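# Descriptive structure summary
Here's the letter readout for the chains.
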Amino acid sequence: MKPKVICHVNTCTHFLPGDLCGAANIDILHEEESKMSNTAEQTECKTFYHRQGITDYLGSMDNVNWGGIANTILTAGSKEVYPSVTCIVDSCNFWSLGNLCHADAIEVTGQSAKECQDTNCHTFVHK
Ligand code: SF4
Ligand code: SF4
């Protein structure tokens, strides 16, 4: 079971109205590679891609959940677009072997983010 992804990062090319993420997969990492995350602020969504113009959309198009997006358009009103989550933040209570997240849902925060470091997995809970 993959967690539902609720995202507030409105400056990302993958962001969809309704606080959804249209990426096929997202990678949640420690903000500092060599440092274990102790708080949500020390995590980041590495898949963030700053939206500035049409070329940015083209640059991130190899990681798009087209099936989920089509499904949502066909069943208007339902929230069915969720990426798979690969997470290496093994200091989190929801982390499990295989870089999986077993939370029911995760919330990615960082409104107006300009770079990955401005985003966080708000659902992080220290073990
Ligand atoms: S910041 Fe991450 S979770 Fe949010 S829309 Fe971008 S890729 Fe998806
Ligand atoms: S809740 Fe924890 S395990 Fe799940 S994606 Fe966020 S940091 Fe990773």
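Residues numbered from 1 in each chain as written. Chains lettered and ligands numbered in written order. Predicted model: local features only at pLDDT ≥ 70, side-chain atom pairs only at ≥ 80, totals over all residues.

## A closer look at the overall build of the chain
Counting its secondary structure elements, the chain contains 2 helices and 10 strands. Starting at the N terminus and walking to the C terminus, you meet the elements of the chain as β-β-β-β-β-α-α-β-β-β-β-β. The globule rule puts the C-alpha radius of gyration for 127 residues at 14 Å, and the 14 Å found for the chain is close to it. With the principal axes as the frame, the chain shows a C-alpha extent of 40 × 30 × 20 Å. Within the chain, buried positions represent 33% of all 127 residues. Of the contacts formed within the chain by residues at least 6 apart in sequence, a portion of 62% connects residues at least 24 apart. (Helix = DSSP H or I, 4+ residues; strand = E, 2+ residues; numbered from the N terminus. Rg over C-alpha atoms; globule rule 2.2 N^0.38 Å. Buried ≥ 20, exposed ≤ 12 C-beta atoms within 10 Å, placed from the backbone. Contact = placed C-beta atoms within 7 Å.)

## Quick word on the pairing of strand S6 (residues 84–87)
Where burial is concerned, the two faces of S6 differ: the one with Val 85 and Cys 87 is buried and the one with Ser 84 and Thr 86 is not. Across 4 bridges, the pairing between strand S4 (residues 25–30) and S6 is parallel. By the bridge assignment for S6, Ile 26 is matched with Val 85. (Pairing = 2+ DSSP bridges.)

## Thoughts on the site of ligand 2
Taken together, 14 residues surround ligand 2, and among them Cys 87, Cys 92, Cys 101, Cys 121 and Thr 123 come closest. Looking at side-chain class alone, the shell around ligand 2 contains 12 nonpolar, 2 polar and no charged residues. (Near = placed C-beta within 6 Å. Nonpolar A, V, L, I, M, F, W, Y, C, P; charged D, E, K, R; others polar.)

## A few points about the sheet that holds strand S5 (residues 43–45)
Here we have 3 strands laid out as an open sheet, ordered S5-S4-S6, and mixed in their pairing. Looking at which strands have only one partner, the edges of the open sheet turn out to be S5 and S6. Across the sheet, the mean angle from the axis of one strand to that of its neighbour is 25 degrees, orientation sign disregarded. Two strands pair when backbone bridges link them, and S4 and S5 are joined in this way by 3 bridges, in the antiparallel orientation. Looking at S5, one finds that His 30 is bridged to Thr 43. (Axes fitted to C-alpha atoms, helices over the stretch in contact; angles between N-to-C directions.)

## As for the sheet that holds strand S1 (residues 4–7)
To summarise the sheet geometry, strands pair through backbone hydrogen bonds and adopt either a parallel or an antiparallel arrangement. If you trace the 3 strands from one edge of the open sheet to the other, you get S1-S9-S10, paired in mixed fashion. Here the strands that pair on one side only, and so sit at the sheet edges, are S1 and strand S10 (120–121). In terms of strand pairing, strand S9 (residues 105–109) meets S10 through 2 bridges, oriented antiparallel. From the neighbouring strand, Thr 109 faces S10, where its bridge partner is Asn 120.

## Some thoughts on the environment of Thr 11
Its location among the elements puts Thr 11 in the loop between S1 and strand S2 (15–16). Owing to 18 C-beta atoms within 10 Å, Thr 11 belongs among the partly exposed residues under this scheme. Between the C-alpha atoms of Thr 11 and Gln 52, which are 41 residues apart in sequence, the distance is 8.2 Å. Residues within four places of Thr 11 in sequence aside, it is in contact with His 50, Arg 51, Ser 112, Ala 113 and Lys 114.

## A closer look at the environment of Val 108
Within the secondary structure, Val 108 is located in strand S9. Take Val 108: there are 27 C-beta atoms within 10 Å of it, and that puts it in the buried class. Separated by 96 residues in sequence, Val 108 and Cys 12 have C-alpha atoms that sit 11 Å apart. Excluding residues within four positions of it along the chain, Val 108 makes contact with Val 5, Cys 7, His 8, Val 9, Cys 45, Thr 119, Cys 121 and His 122.

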